[in-house]
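What the coordinates show
Read off the chains here:
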Amino acid sequence: MLDVLLQYETEIWRSIGETFIMVGVSIAAAVLVGLPVGTLLFLCRKGQIYENRVIFSVLNLLVNIIRSFPFLLLVVFLIPFTRMLIGTAIGTAAATVPLSIIAIAHYSRLVEQSLLDVPKGVIEAAIAMGASVRQVIFKFLFVEARSGLVLGLTTSIISFISYSTIMGVVGGGGIGDFAIRYGYQQFKTDLMMYMIIIMVILVQFIQFTGTTVSRMIDKR
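Keep in mind that what you see is a predicted model, and the values were worked out from it rather than measured. (Residues numbered from 1 in each chain as written. Predicted model: local features only at pLDDT ≥ 70, side-chain atom pairs only at ≥ 80, totals over all residues. Heavy atoms only, no water.)

**A look at the overall build of the protein chain**
- Across its full length, the protein chain carries 10 helices and zero strands.
- When the helices and strands of the protein chain are read in sequence order from the N terminus, they spell out α-α-α-α-α-α-α-α-α-α.
- With respect to the three principal axes, the spread of C-alpha positions in the protein chain is 65 × 40 × 25 Å.
- In the protein chain, buried positions account for 43% of the 220 residues.
- Of the contacts made within the protein chain by residues no fewer than 6 positions apart, 73% connect residues no fewer than 24 positions apart.
- Positive and negative charge centroids in the protein chain, built from 16 and 12 side chains respectively, lie 10 Å apart. (Helix = DSSP H or I, 4+ residues; strand = E, 2+ residues; numbered from the N terminus. Buried < 20%, exposed > 50% of the residue type's maximum accessible area, 1.4 Å probe, protein only. Contact = heavy atoms within 4.5 Å. Lys, Arg positive; Asp, Glu negative; His and termini not counted. Charge placed at Lys NZ, Arg CZ, Asp CG, Glu CD.)

Pasting the structure below:
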């Protein structure tokens, strides 16, 4: 085992770094864009404080369309857009474009679901106390839903890691791409298994961390 890992040490570390870049950008997109989109979906629903059928219908349709795409087909479909945005459709930077788009759609839906779990009485009480919409969102909704939001982000991050393994299609690199090129295609099953073990350990660590944080901040 040690001999094989040492032989490909440089490539392994590079592939891990590429995975971290792709997943890191996806997480940033999920939090910076997916969180507001999911919140807007919730606020614009029927019966909510920002009820707006048009905005809700448009956002809901976009999220559903993106989430309904098989990810590999989404990557291929977005190649022209990626090339226009980044200047190339190949490489780790290009791979972050489809990953970010699916991350936004994926997490926004989980945010909406988490906010729907907040008792409606909390919002009514906040409004009765004279809270502004901004205060309702940040001091009541997000506070009440914080545990679900963390668990949703944890689930999303694990999905992003899974999606990142497909990015070899556009030369995005990463652990999954390394496992296919150096393990499967060169018939080095042991090397491929080591990469799978690394992925399993990484996912278990993220799940444990997310669950622990969620439990710690859940004051219900």
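**With respect to the nonpolar core**
- Core analysis: the biggest nonpolar cluster contains 39 residues, and Tyr107, Leu115, Leu141, Leu149, Ile161, Phe178 and Met195 have the highest contact counts within it.
- Listed by contribution, the elements that provide at least two residues to this core are α2 (9-43), α6 (92-116), α7 (120-128), α8 (133-164), α9 (175-184) and α10 (189-217).
- The element that contributes the greatest number of residues to this core is α8, accounting for 10 residues.
- Leave out the neighbours within four places in its chain, and Tyr107 touches Ala30, Gly34, Leu35, Leu149, Gly152, Leu153 and Ser156.
- Core analysis: the second largest hydrophobic core is formed by nine residues, Leu74, Leu78, Leu99 and Met167 among them. (Core = buried A, V, L, I, M, F, W, Y, C linked by side-chain atoms within 4.5 Å.)

**Overview of the pattern of salt bridges**
- In this structure the tally under the stated criterion is two salt bridges.
- The salt bridge involving Glu112 is made with Arg45; its shortest N-O contact spans 2.7 Å. Of this pair, Glu112 sits in helix α6 while Arg45 sits in the loop between α2 and α3 (53-68), and the two are 67 residues apart along the sequence.
- The class for Glu112 is buried, based on a relative accessible area of 3%.
- Overall, Arg45 belongs to the partly exposed group, its relative accessible area being 26%.
- Close ionic contact of Arg109 with Glu112 constitutes a salt bridge, the shortest N to O distance being 2.5 Å. (Salt bridge = Lys/Arg side-chain N within 4 Å of Asp/Glu carboxyl O.)

**Description of the packing of α2 against α9**
- At a minimum axis distance of 7 Å, the contact between α2 and α9 shows a crossing angle of 145°. Mapping the contact onto sequence places Glu11, Ile12, Ser15, Ile16 and Thr19 in α2 and Ile175, Phe178 and Tyr182 in α9. (Axes fitted to C-alpha atoms, helices over the stretch in contact; angles between N-to-C directions.)

**Some details on the environment of Ala105**
- Inspection of the secondary structure puts Ala105 in helix α6.
- Placed 22 residues apart in sequence, Ala105 and Ile127 show a C-alpha to C-alpha distance of 29 Å.

**Concerning the side chain of Thr82**
- Structurally, the position occupied by Thr82 is in helix α5 (residues 79-86).
- Sequence-distant contacts of Thr82, that is, excluding residues within four places in its chain, are made with Gly87, Thr88, Ala89, Ala94, Val97 and Pro98.

**Some details on α8**
- Between its first and last C-alpha atoms α8 spans 37 Å; for 32 residues at 1.5 Å apiece the expected length is 46 Å, and the helix comes up short by more than 12%.
- A maximum bend of about 65° is found in α8 at Arg146. (Expected span 1.5 Å × (residues − 1). Bend = angle between axes of the 7 residues up to and from the residue.)

**Some thoughts on the confidence of the model for the protein chain**
- In this model, the protein chain carries an average pLDDT of 88, and 96% of its residues clear a pLDDT of 70 or more.
- α3 holds the highest mean pLDDT among the elements of the protein chain, 93, whereas helix α1 (residues 2-7) holds the lowest, 71. (pLDDT = per-residue confidence, 0-100.)

**Some thoughts on a nonpolar patch on the surface**
- Residues Leu40, Ile49, Tyr50, Ile55 and Ile127 make up a contiguous nonpolar surface patch of roughly 390 Å² in combined accessible area.
- Topologically, Tyr50 is positioned in the loop between α2 and α3.
- The exposure class assigned to Tyr50 is partly exposed, which follows from its relative accessible area of 44%. (Patch = residues over 30% accessible without salt bridge, like charges linked within 9 Å, V, L, I, M, F, W, Y side chains within 5 Å. Areas by Shrake-Rupley, 256 points an atom, 1.4 Å probe, with all protein chains shown as cover.)

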